[in-house]
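# Examining the three-dimensional arrangement
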Amino acid sequence: MTATTPRSPKSSPNPPPKPLSGLLAVLVRIERMGNKLPHPFWLFGVLSVVLALASWALSAAGASALNPATDKTVTVHSLVSGEGLRMMIDDAVTNYATFPPLGTILVVMLGVSVADRAGLLPAMLRAAVARVPAKWLTFTLAFSAMVAHVASDAAYVVLVPLGAMAFKAVGRSPMLGAVVAFVSVSAGYDASPLVTPTDAVLSGLTTAAAQTIDPDYVVTPLSNYFFSIGSSVVLAVVVTVVTEKVIARRVAAMPEEDEAGEASEVGDAGEAGEADQAKEDGGTVDELTLRDDERRGLRRAGLALLVYAALIVAAMIPSGSPLRGDGGSIVQSPVLTGIAVVLAVAFLIVGAVYGRVVGTVRTARDIPDHMAKGLREMAPILVLFFAISQFLAYFKWTGVGEVMAIRGADLLESAGITGPVAFLGVLVVCTVINLLVTSGSAQWALVGPVFVPMFMLLDISPEVTQAVYRIADSCTNAATPMSAYFVMTLGVVQRYRRSAGIGTLLSLTLPLCLAMLVTWTLLFYAWWALGIPLGPGVPVR
């Protein structure tokens with residue numbers, strides 16, 4: 001089959017309506033501005049220089065604030081000083097090595113890498129959509145994407161083409177399936193019925209920010225678990241309703257002659273052309289069906305997981321169990337406080353069992369090999385973490401963040417701004433930033449050290465602030481060309497519609513993104529108003 005160069009969106013015979021054209025023009029300007037930003041590594045380097053100059057000016061001006069939590073006066077220390085220079089050099093290695101998210105994410109990914117490399121995670125996703133009735137396919141695909149967040153960015157690579165294949169298998173537009181998968185993974189990125197690597201990263205950054213006010217405060221990866229479970233179900237429902245009521249109709253209304261599908265190329269080409277098209281699309285319908293050994297592997301992996309969970313529960317039953325916390329506490333038990341290790345072992349076990357059955361884990365040596373390959377993919381994050389860890393250490397040492405938080409809290413309190421209004425402010429600010437800084441960890445490292453301490457001084461827990469941030473960090477991910485996975489999804493869509501461009505994909509993702517943002521925000525406010533715990537032992541207020 002001859003490759004065809006996609007046409008520009010401007011040449012499309014189906015131009016977007018005027019309101020969408022205006023929005024696309026704004027997004028183009030945002031894209032241009034965002035492209036001028038340096039790589040996040042250098043961005044935090046630039047911010048460190050700005051912080052040094054700001055700390056010097058504020059220190060010279062005698063900036064200070066009274067911390068009501070400790071009754072101590074906080075002053076700003078200048079990085080542009082002998083003491084500051086010594087701190088930056090002497091503590092650089094310690095800052096990185098003790099960076100809270102670093103150890104947690106590495107430990108979790110040791111296990112996740114085994115499960116992913118063994119083929120367990122892709123097989124689970126295929127099993128979830130392989131034999132689903134057509135009327136349930138949209139919801140199943142959307143909810144599977146919520147589960148797939150445990151695979152981090154690998155969820156995009158696996159699920160977007162898989163969604164297209166699944167919709168094609170039931171006679172629906174494969175482009176629609178790709179959009180559903182992309183939006184569910186991207187705009188719902190911080191919601192999942194499982195504990196994910198993102199939970200580990202966010203909780204580590206939140207802990208670092210909270211310890212500005214309370215040095216002993218710890219936020220665990222389970223801190224938003226209940227809210228995350230509820231959010232994943234609600235968002236899957238929203239994606240389903242909006243897709244069936246709006247997006248499906250939009251796709252159906254697109255001119256048929258723009259399709260790159262079977263009618264123009266496969267229909268007259270016979271079986272050979274059909275096979276070529278299937279190969280170009282990334283697979284065939286048969287590839288959704290699991291092989292016998294894969295099904296057997298999933299069953300045995302599931303059984304291994306049940307045995308593992310049962311052993312942990314049995315070990316925690318005795319009141320004097322070492323797996324319980326002080327006073328027999330379950331919430332403060334090593335199982336929950338050390339959830340990263342528990343999850344890593346779980347993924348390692350089920351991945352090894354599955355791999356042993358299907359042949360992707362043949363010897364004991366294969367397991368550390370899979371771990372190593374998985375950690376190699378973490379290299380860009382580890383590099384970014386070095387820059388972030390230094391910036392946060394400087395931010396804490398100078399006292400600029402603490403002074404800003406105290407002054408900001410005083411301003412909000414004097415203005416009579418309560419929790420609900422403050423939450424909305426965080427949502428708006430972070431949602432806008434997310435259009436440019438699509439890395440959730442980078443953005444939270446930037447704004448968390450201000451928002452978390454500020455809200456703590458207003459008696460709003462770090463876990464609540466983090467829950468609000470989850471919404472802002474997710475919903476606009478699928479509506480910004482700054483995301484590499486937006487471009488990847490566009491490539492998948494263009495396999496089925498040659499004329500598709502940025503405007504085409506945005507016209508399909510924007511209604512979903514806006515609906516998810518509004519619904520998720522309302523869900524949080526309802527959760528907060530009802531006082532439902534955000535996670536184990538974490539009251540919402």
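Residues numbered from 1 in each chain as written. Predicted model: local features only at pLDDT ≥ 70, side-chain atom pairs only at ≥ 80, totals over all residues. Heavy atoms only, no water.

Further remarks concern the overall build of the chain. Summing up its helical and strand segments, the chain has 23 helices and 2 strands in all. For the chain, buried positions account for 52% of its 541 residues. Put simply, 78% of the contacts in the chain that link residues at least 6 apart link residues at least 24 apart. A total accessible area of about 23900 Å² is found for the chain, and carbon and sulfur atoms account for 65% of it. (Helix = DSSP H or I, 4+ residues; strand = E, 2+ residues; numbered from the N terminus. Buried < 20%, exposed > 50% of the residue type's maximum accessible area, 1.4 Å probe, protein only. Contact = heavy atoms within 4.5 Å. Areas by Shrake-Rupley, 256 points an atom, 1.4 Å probe, with all protein chains shown as cover.)

Moving on: helix 7 (residues 137-148). With 12 residues, helix 7 extends 16 Å between its outermost C-alpha atoms, agreeing within 8% with the 16 Å of an ideal straight helix rising 1.5 Å per residue. Counting buried positions along helix 7 yields 10 of 12 residues, so the element is predominantly enclosed. Restricting attention to buried positions, one finds in helix 7 the residues Leu 137, Thr 138, Thr 140, Leu 141, Ala 142, Ser 144, Ala 145, Met 146, Val 147 and Ala 148. (Expected span 1.5 Å × (residues − 1).)

Glancing now at the pattern of salt bridges. All chains considered together, the criterion is met by 5 salt bridges. In this structure, Arg 172 and Glu 244 form a salt bridge, with 3.0 Å as the shortest nitrogen-oxygen distance. One end of the pair, Arg 172, is in the loop between helix 8 (154-169) and helix 9 (174-186); the other, Glu 244, is in helix 11 (residues 225-252), with 72 residues separating them in the sequence. The partly exposed category is assigned to Glu 244, whose relative accessible area is 30%. Of the charged contacts, one joins Arg 295 and Asp 292 as a salt bridge, the two residues approaching to 2.3 Å between their closest N and O atoms. You can see Arg 295 and its partner Asp 292 sitting in helix 13 (residues 292-316), 3 residues apart, about one turn around the helix. Under the relative-accessibility criterion, Asp 292 is labelled exposed at 53%. (Salt bridge = Lys/Arg side-chain N within 4 Å of Asp/Glu carboxyl O.)

So, about the side chain of Thr 198. Along the chain, Thr 198 falls in helix 10 (residues 197-210). Beyond its immediate sequence surroundings of up to four residues, Thr 198 is in contact with Tyr 189 and Asp 190.

What follows concerns the packing of helix 19 (residues 419-434) against helix 23 (residues 502-530). For the pair helix 19 and helix 23, interaxial distance at closest approach is 12 Å and the crossing angle is 150°. The angle between the axes of helix 19 and helix 23 places the two elements in the roughly antiparallel class. When the axes of helix 19 and helix 23 are compared, the crossing they make is right-handed. Each of Pro 420, Phe 423, Leu 424, Leu 427 and Thr 431 in helix 19 lies in contact with helix 23, whose residues at this interface are Leu 517, Thr 521, Phe 524, Tyr 525 and Trp 528. The class makeup of the residues in the contact of helix 19 with helix 23 is 8 nonpolar, 2 polar and no charged. (Axes fitted to C-alpha atoms, helices over the stretch in contact; angles between N-to-C directions. Parallel < 35°, antiparallel > 145°, perpendicular 65-115°, else oblique. Left-handed = near helix turned anticlockwise from the far one by under 90°. Nonpolar A, V, L, I, M, F, W, Y, C, P; charged D, E, K, R; others polar.)

With that settled, the discussion passes to the nonpolar core. In terms of nonpolar packing, the biggest core is built from 139 residues, with Leu 159, Phe 227, Ile 388 and Phe 524 touching the most fellow members. The greatest single-element share of this core, amounting to 13 residues, is contributed by helix 23. Excluding residues within four positions of it along the chain, Leu 159 makes contact with Leu 125, Leu 141, Ser 144, Ala 145, Ala 148, Ala 181 and Val 185. Counting residues in each nonpolar core, the second largest holds 11 residues, with Tyr 308, Val 335, Ile 339 and Val 342 among its members. (Core = buried A, V, L, I, M, F, W, Y, C linked by side-chain atoms within 4.5 Å.)

According to the stated counting rule, one finds 17 aromatic pairs in the structure shown. Seen from their ring centres, Phe 423 and Phe 524 are 5.2 Å apart, and the 80° between their planes marks the pair as edge-to-face. With Phe 423 in helix 19 and Phe 524 in helix 23, this residue pair connects regions lying 101 residues apart in the sequence. For the pair shown, Phe 423 and Phe 524 are each scored as buried. Taken together, the ring pairs connect Phe 227, Phe 423, Phe 451, Phe 455, Phe 524, Tyr 525, Trp 527 and Trp 528 into an aromatic cluster. (Phe/Tyr/Trp six-rings, centres within 6.5 Å; stacked < 30°, edge-to-face > 60°.)

On to helix 15 (residues 339-358). Taking 1.5 Å per residue as the helical rise, helix 15 with its 20 residues ought to reach 28 Å, and the 28 Å between its terminal C-alpha atoms agrees with that figure. With 14 of its 20 residues buried, helix 15 lies for the most part within the structure. Directly after helix 15, the chain includes Gly 359, whose backbone phi takes a positive value near 95°.

Below, the discussion takes up a nonpolar patch on the surface. There is a patch of nonpolar side chains on the surface, built from Val 233, Val 237 and Val 241 and spanning about 210 Å² of accessible area. Checked against the element boundaries, Val 237 lands in helix 11. (Patch = residues over 30% accessible without salt bridge, like charges linked within 9 Å, V, L, I, M, F, W, Y side chains within 5 Å.)

Quick look at the state of the cysteines now. If you walk through the whole model with that rule in mind, you get 0 disulfides. Cysteine Cys 475 shares no disulfide, and the gap to the nearest cysteine sulfur, in Cys 513, comes to 7.3 Å. (Disulfide = S-S within 2.5 Å.)

All right, on to unusual backbone geometry then. Its identity is not glycine, yet Asp 459 carries a phi of approximately 65°, on the positive side. Locating Asp 459 in the fold gives a position in the loop between helix 20 (440-456) and helix 21 (462-474). On the accessibility criterion, Asp 459 (73% relative accessible area) is exposed.

Further remarks concern the side chain of Thr 243. If you trace the backbone, Thr 243 turns up in helix 11. In contact with Thr 243, other than residues within four places in its own chain, are Thr 138, Leu 176, Val 180, Ala 248 and Leu 512.

Looking now at the packing of helix 9 against helix 11. Contact geometry for helix 9 and helix 11: axes closest at 11 Å, N-to-C directions at 140°. Like other packed secondary-structure pairs, helix 9 and helix 11 cross with a definite hand, here right-handed. Residues Met 175, Leu 176, Val 180 and Ser 184 of helix 9 touch helix 11, and the partners they reach there are Val 239, Thr 243, Ile 247, Ala 248 and Val 251. A breakdown of the residues in the contact of helix 9 with helix 11 according to their chemical character gives 7 nonpolar, 2 polar and no charged.

Moving on: the confidence of the model for the chain. In the predicted model, the chain carries a mean pLDDT of 81, and 83% of its residues have values of at least 70. Throughout residues 1-14 the model reports pLDDT below 50, and contacts reaching past four residues in sequence, or to other chains, amount to 19 contacts. This stretch, residues 257-285, has a pLDDT under 50; its non-local contacts, to residues over four places away or in other chains, come to 45 contacts. (pLDDT = per-residue confidence, 0-100.)

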